[in-house]
Structures are given as C-alpha cells and as structure tokens.
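Examination of the molecular architecture
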Amino acid sequence: TNDHISTDIFSYQVIRNYTTYIDGVAQPTETENGSVEIGTQGEEITINPDDYKDYNGNGYDFVDGTIDGVKPEGGFTFTLERVNDTYVVILNYERRVVTAKYDVTVNYYDLNGDKIGETYVSSEILEGGDWDVTDKQLSTITKDGVLYHFHHANGDPLKGSNIDRDKVIDLYYAPQSP
C-alpha cells in the first residue's frame, strides 16, 4: 500500500515583549509566549503587530520586531518553508506612563475675603500620595499692624491620603477686637 503519513511540521510562534516606562524608568519587561502555530508547507503567514497592542488591560505602542532574529523590511510576512523548524516572530511594545502630580494650596484671608498672608503651594505630590499642611494653619497672622486670629477653614482638608486632584484650602482670620 501507499499509505504514507507525513510527519513534516511547518510552524511559527509569536513572542511579545511588553515594557512599561513609569516617569521614564523602565519596569521589568513582561513576555507573552504565544502558542506554536502549525501551518502548511508554502503557506504565507502575516502577523499584524497592531493585533497585540493591548496587554493586561493596557494599550502599548509597537516599537519593532524580528523574524528569526532579522528585522523585516515592509512587514511581518513570511512563507512556511522549513521543515520541523519553528519560525520565531518577536514583537516589542512599550507603554509610557507619567505619574500625575498634584499641588496643595493654602490661602490666607480676612473675613472680608481680602488676602492677609502669602499663599503656600506644596511641592508636587504624586498621585495616590498623602498630604499634610496642618502646620500651615497659623493661630495668628499680623498684617499692617493688625493681629488676626484663626476663625475657620473652607475647601479641602488640611490633611489626607490618596490625592487625586489639586487641593485648595482657604483659611479665614478675624481681626483681634481692640
């Protein structure tokens, strides 16, 4: 009989490397090894890097890649010709994240809303960070020979955690009675 079963395998694998940069600093690269795909002899394979831009819920930008260690010209298309030897396509992606930074501003006013002290602005606080400007709530302020005593605060709290926006605290002072 002429029952010959071919054991020739024509295959390829797509390996994807995802690197995140946080404030310009590279984090450990995550590698996603795709399964080995089996094709037929002479089959033309085209890999679209855009198909793999989303990873773990994040969008990445395609940077570059190789087919069997060589950067292709014009795209990731190749023909399955080698027997029992897997073509390896490596695609590299990156994502750049800039951490948001927020300010805490403290203003000083008299009860009429007139400014009586120099505005304080914190250094930038990274998103999710804590803030504490309780030391900026002065018990008294002297302006133009008038002594003012703390009266009340409006706006955001003087202290908090998990900052997610700029904070503004307005402190109001009453003049001392003569």
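Everything here concerns the structure above.
This section reports on the structure supplied with the text. The structure displayed is predicted, hence computed values, not measured ones. Counting starts from 1 at the beginning of each chain's written sequence and moves along it residue by residue. Predicted model: local features are reported for residues with pLDDT of at least 70 only, side-chain atom pairs are reported and counted for 80 or more only, and whole-chain, interface and lining totals are derived from all residues. By convention in this description, side-chain values take in all heavy atoms of the structure and omit both hydrogens and water.

1. Structural notes on the overall build of the chain
Helical segments are the DSSP runs of H or I of at least four residues, strand segments are the runs of E of at least two, and each set is numbered from the N terminus. A count of helical and extended segments in the chain gives 0 helices and 19 strands. Scaling as 2.2 N^0.38, a compact globule of 178 residues should have a C-alpha radius of gyration of about 16 Å, whereas the chain reaches 32 Å, well beyond that. Overall, the C-alpha framework of the chain stretches about 120 × 30 × 20 Å when taken along its three principal axes. To sort residues, take the accessible area from a 1.4 Å probe on protein chains only and compare it with the maximum for the residue type: under 20% means buried, over 50% means exposed, and anything in between is partly exposed. Burial status across the chain gives 31% buried among its 178 residues. About 11200 Å² of surface is accessible on the chain, with carbon and sulfur atoms providing 44% of the total. Counting rule for charge: Lys and Arg are taken as positive, Asp and Glu as negative, and neither His nor the chain ends is counted. All charge positions are set by atom: Lys at NZ, Arg at CZ, Asp at CG, Glu at CD. With 13 positive and 32 negative side-chain charges, the chain shows a separation of 9 Å between the mean positions of the two kinds. The quantity called the radius of gyration is restricted to C-alpha atoms. Its globule counterpart is 2.2 Å times the number of residues to the power 0.38. For accessible areas, the Shrake-Rupley method is used with a probe of radius 1.4 Å. Any residue's cover is judged against the shown protein chains and nothing else.

2. Some words on the sheet that holds strand 19 (residues 167-175)
Across the sheet, 5 strands lie side by side as 13-12-19-17-16; this open sheet has mixed pairing. Sheet topology places strand 13 (120-121) and strand 16 (140-143) at the edges, where each strand pairs with a single neighbour. For strand 17 (residues 146-155) and strand 19, the ladder comprises 7 bridges, and the chain directions are antiparallel. From the neighbouring strand, His 149 faces strand 19, where its bridge partner is Ala 174. Pairs of strands are assigned from DSSP output, requiring at least two bridges between the strands.

3. Focus on the nonpolar core
Core analysis: the biggest nonpolar cluster contains 16 residues, and Tyr 12, Ile 47, Phe 78, Leu 80, Val 89 and Leu 91 have the highest contact counts within it. Within the residue set of this core, elements represented by two or more residues are strand 1 (10-22), strand 5 (44-47), strand 9 (76-79) and strand 10 (87-97). Any two residues whose heavy atoms approach within 4.5 Å at even a single point are treated as in contact. If near-sequence neighbours (up to four positions away) are discounted, Val 89 is found in contact with Gln 13, Val 14, Ile 15, Ile 47, Thr 66, Ile 67, Phe 76 and Phe 78. Membership of the second largest hydrophobic core comes to 15 residues, among which are Val 104, Tyr 108, Ile 141 and Tyr 173. Nine residue types can take part in a nonpolar core, namely buried Ala, Val, Leu, Ile, Met, Phe, Trp, Tyr and Cys, and a core is a set of them joined through side-chain atoms within 4.5 Å.

4. Some details on the packing of aromatic side chains
In this analysis, rings of Phe, Tyr and Trp, with Trp reduced to its six-membered ring, are considered paired at centre separations within 6.5 Å, and the interplanar angle assigns stacked below 30 degrees, edge-to-face beyond 60, and tilted for intermediate values. Enumeration over the complete set of coordinates arrives at 11 aromatic pairs. Judged by centre distance (4.9 Å) and plane angle (65°), the rings of Tyr 18 and Tyr 60 are edge-to-face. With Tyr 18 in strand 1 and Tyr 60 in the loop between strand 7 (58-59) and strand 8 (61-67), this residue pair connects regions lying 42 residues apart in the sequence. According to the relative accessible area criterion, Tyr 18 is buried, its value standing at 2%. Their ring planes at 40° and their centres at 6.2 Å tell us that Tyr 108 and Tyr 173 sit as a pair that is tilted. Here Tyr 108, found in strand 12 (residues 104-110), pairs with Tyr 173, found in strand 19; they are 65 residues apart in sequence, far enough to count as distant. Given a relative accessible area of 5%, Tyr 108 falls into the buried group. Members of the aromatic cluster, joined through ring pairs, are Tyr 18, Tyr 55, Tyr 60, Phe 62, Phe 76 and Tyr 93. Consider the ring centre and the ring normal. A charge sits over the ring if Lys NZ or Arg CZ is within 6 Å of that centre and within 35 degrees of that normal. In this structure, Arg 96 is placed above the aromatic ring of Tyr 21, and the distance from its NZ or CZ to the ring centre is 4.1 Å.

5. Some remarks on the side chain of Gln 13
Structurally, Gln 13 is set in strand 1. For Gln 13, a relative accessible area of 17% corresponds to the buried category.

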